[in-house]
Amino acid sequence: MCSLPVPREPLRRVAVTGGTHGNEMSGVYLARHWLHAPAELQRASFSAVPVLANPAATSGCRRYVDHDLNRTFTSSFLNSRPTPDDPYEVTRARELNQLLGPKASGQAFDFVLDLHNTTANMGTCLIAKSSHEVFAMHLCRHLQLQYPELSCQVFLYQRSGEESYNLDSVAKNGLGLELGPQPQGVLRADIFSRMRTLVATVLDFIELFNQGTAFPAFEMEAYRPVGVVDFPRTEAGHLAGTVHPQLQMFSGEDLLYEGESTVYPVFINEAAYYEKGVAFVQTEKFTFTVPAMPALTPAPSPAS
């Protein structure tokens with residue numbers, strides 16, 4: 001398996017972003033809190049920067065103003081010539097790319113942790129680009145070992161040949177936390193507290209790496225997308241059915257899965273995906289080997 005290079009220097013430039021979607025309230029309120037009280041994000045070897053990613057959407061308690069910000073970090077958006085008619089989120093993506101990137105450059109932040117909520121009952125989901133992200137995979141494994149009761153399933157969103165588009169893709173390394181179920185525009189204390197604890201553990205892991213901890217190779221299970229399923233619809237485009245154990249039509253007819261391979265649905269009945277024509281995302285489960293992440297070589301001591 002071809003993997004991306006493992007960091008060989010400490011991760012000093014770290015950011016935690018919340019409010020990428022302005023109605024996902026755990027990340028919104030954590031980012032707001034840390035902007036006023038950042039001490040919680042400090043570690044011995046680095047201090048993470050809190051960022052409220054989409055202030056306009058957050059102000060209106062909306063997922064986005066003009067365009068989904070978490071689908072906007074592609075070269076076509078980031079590198080196109082700015083115009084006065086650009087959607088707000090395209091302009092904001094360019095600002096974040098300058099702040100945290102530029103994407104795919106040596107000047108980019110070492111790590112970005114992006115905070116999300118879902119209305120789907122997904123528990124604690126860890127979202128990364130691909131299995132080639134060695135540092136992110138070791139971080140996921142660390143979270144799974146620290147919190148076995150949370151399951152911490154890993155979802156790898158990037159399809160083969162597809163350009164990464166999420167906010168955390170502007171950094172050299174990144175991960176998304178997706179916690180649910182939480183309604184849009186609602187703050188649940190239990191999920192807020194869980195997210196806060198997970199962020200602290202992520203930062204502790206980066207500190208362990210910076211201080212020279214070695215991490216052995218391991219086998220990991222993860223889920224990757226293979227397709228999406230829309231709701232049954234009328235000729236006018238209205239829903240003709242809804243998600244229940246058999247994705248039932250309003251008429252009472254059951255629509256059953258007819259594929260030959262085993263698939264695992266995720267983001268089931270996610271409120272934000274109604275507009276995208278997605279009742280759920282189909283994934284496949286696979287197992288892969290994550291190579292070891294050796295300890296950093298200590299910097300030479302200054303000559304006496």
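Refer to the structure presented above.
Residues numbered from 1 in each chain as written. Predicted model: local features only at pLDDT ≥ 70, side-chain atom pairs only at ≥ 80, totals over all residues. Heavy atoms only, no water.

## Quick word on the overall build of the chain
Right, so step 1: The number of helices and strands found in the chain is 6 helices and 9 strands.
Right, so step 2: Principal axes of the C-alpha set define a box for the chain whose edges measure 85 × 45 × 40 Å.
Right, so step 3: For the chain, the residues scored as buried account for 50% of the 304 residues in total.
Right, so step 4: Sequence-distant contacts in the chain: of pairs separated by 6 or more residues, those separated by 24 or more amount to 75%.
Right, so step 5: Taken as a whole, the chain presents about 14,300 Å² of accessible surface, with 53% of it coming from carbon and sulfur. (Helix = DSSP H or I, 4+ residues; strand = E, 2+ residues; numbered from the N terminus. Buried < 20%, exposed > 50% of the residue type's maximum accessible area, 1.4 Å probe, protein only. Contact = heavy atoms within 4.5 Å. Areas by Shrake-Rupley, 256 points an atom, 1.4 Å probe, with all protein chains shown as cover.)

## Looking at the nonpolar core
Right, so step 1: Counting 47 residues, the largest nonpolar core has Phe-111, Leu-115, Met-137, Leu-175 and Val-199 as its most contacted members.
Right, so step 2: With 10 residues, the top contributor of residues to this core is helix 6 (residues 189-210).
Right, so step 3: Sequence-distant contacts of Val-199, defined by excluding residues within four places in its chain, comprise Val-16, Trp-34, Leu-41, Leu-113, Leu-115 and Leu-177. (Core = buried A, V, L, I, M, F, W, Y, C linked by side-chain atoms within 4.5 Å.)

## A word on the environment of Thr-201
Right, so step 1: Residue placement: Thr-201 occurs in helix 6.
Right, so step 2: Taking the C-alpha atoms as reference points, Thr-201 and Gly-19, 182 residues apart in sequence, are found 20 Å from one another.
Right, so step 3: With residues up to four places along the chain from it excluded, the contact list for Thr-201 reads His-142, Leu-143, Gln-146 and Tyr-147.
Right, so step 4: Side chain to side chain, Thr-201 and Tyr-147 meet in a polar contact 2.4 Å long. (Polar contact = N/O pair within 3.5 Å; in protein donor to acceptor, adjacent residues only side chain to side chain.)

## Some details on the packing of helix 5 (residues 134-146) against helix 6
Right, so step 1: Viewed as axis vectors pointing N to C, helix 5 and helix 6 meet at an angle of 125°, and their least axial separation amounts to 10 Å. With respect to each other, helix 5 and helix 6 are oriented oblique. The interaxial crossing formed by helix 5 with helix 6 has right-handed handedness. The residues of helix 6 that touch helix 5, namely those facing Phe-135, His-138, Leu-139, His-142, Leu-143 and Gln-146, are Leu-198, Thr-201, Val-202, Phe-205, Ile-206, Leu-208 and Phe-209.
Right, so step 2: When its residues are assigned to classes, the contact of helix 5 with helix 6 shows 9 nonpolar, 4 polar and no charged. (Axes fitted to C-alpha atoms, helices over the stretch in contact; angles between N-to-C directions. Parallel < 35°, antiparallel > 145°, perpendicular 65-115°, else oblique. Left-handed = near helix turned anticlockwise from the far one by under 90°. Nonpolar A, V, L, I, M, F, W, Y, C, P; charged D, E, K, R; others polar.)

## Topic: unusual backbone geometry
Leaving glycine aside, a negative phi is the common case for residues, and trans is the common case for peptide bonds.
Right, so step 1: Each neighbour pair has its own omega, and for Gly-101 with Pro-102 the value is 0°, a cis peptide bond.
Right, so step 2: In the segment running from Gly-180 into Pro-181, the intervening peptide bond is cis, with an omega of 5°.
Right, so step 3: Here Pro-181 is to be found in the loop between strand 6 (173-179) and helix 6.
Right, so step 4: One non-glycine residue, Ser-151, lies in the positive phi region at around 70°.
Right, so step 5: In this fold, Ser-151 is placed in the loop between helix 5 and strand 5 (153-156).
Right, so step 6: Under the relative-accessibility criterion, Ser-151 is labelled partly exposed at 37%.

## Things to note about the packing of aromatic side chains
Right, so step 1: Scanning all chains against the criterion turns up 10 aromatic pairs.
Right, so step 2: Ring geometry for Tyr-223 and Tyr-264: centres 5.4 Å apart, planes at 75°, overall edge-to-face. With Tyr-223 in strand 7 (residues 218-229) and Tyr-264 in strand 8 (residues 264-266), the pair connects residues that are 41 residues apart, well separated along the chain.
Right, so step 3: An aromatic cluster of three or more residues is present, and its members are Phe-111, Phe-135, Phe-205, Phe-209 and Phe-215.
Right, so step 4: Sitting over the ring of Tyr-29, Arg-32 keeps its end group 5.1 Å from the ring centre.
Right, so step 5: The positively charged end of Arg-224 is found above the aromatic ring belonging to Phe-286, 3.7 Å away from the centroid. (Phe/Tyr/Trp six-rings, centres within 6.5 Å; stacked < 30°, edge-to-face > 60°. Lys NZ or Arg CZ within 6 Å of the ring centre and 35° of its normal.)

## Re the pattern of salt bridges
Right, so step 1: Applying the stated criterion to the full structure yields 13 salt bridges.
Right, so step 2: Here Arg-196 and Glu-40 are joined by a salt bridge, their closest N and O atoms 2.8 Å apart. Remark: Glu-40 occurs in the loop between helix 1 (25-36) and strand 2 (49-52) and Arg-196 occurs in helix 6; sequence separation between them is 156 residues.
Right, so step 3: A salt bridge links Glu-95 to Arg-92; the nearest nitrogen and oxygen atoms lie 3.1 Å apart. In this pair, Glu-95 and Arg-92 both sit in helix 4 (residues 88-100), 3 residues apart, roughly one turn of the helix.
Right, so step 4: Residue classification places Glu-95 among the partly exposed positions, given a relative accessible area of 42%.
Right, so step 5: Sharing partners across several salt bridges, the network here consists of Glu-24, Arg-63, Asp-68 and Lys-276. (Salt bridge = Lys/Arg side-chain N within 4 Å of Asp/Glu carboxyl O.)

## Description of helix 5
Right, so step 1: Look at helix 5: 18 Å from first C-alpha to last across 13 residues, which is about the 18 Å you get at 1.5 Å a residue.
Right, so step 2: In terms of burial, helix 5 is a largely internal element, 10 of the 13 residues being buried.
Right, so step 3: Of all the positions in helix 5, only Val-134, Phe-135, Ala-136, Met-137, His-138, Leu-139, Cys-140, His-142, Leu-143 and Gln-144 are classed as buried. (Expected span 1.5 Å × (residues − 1).)

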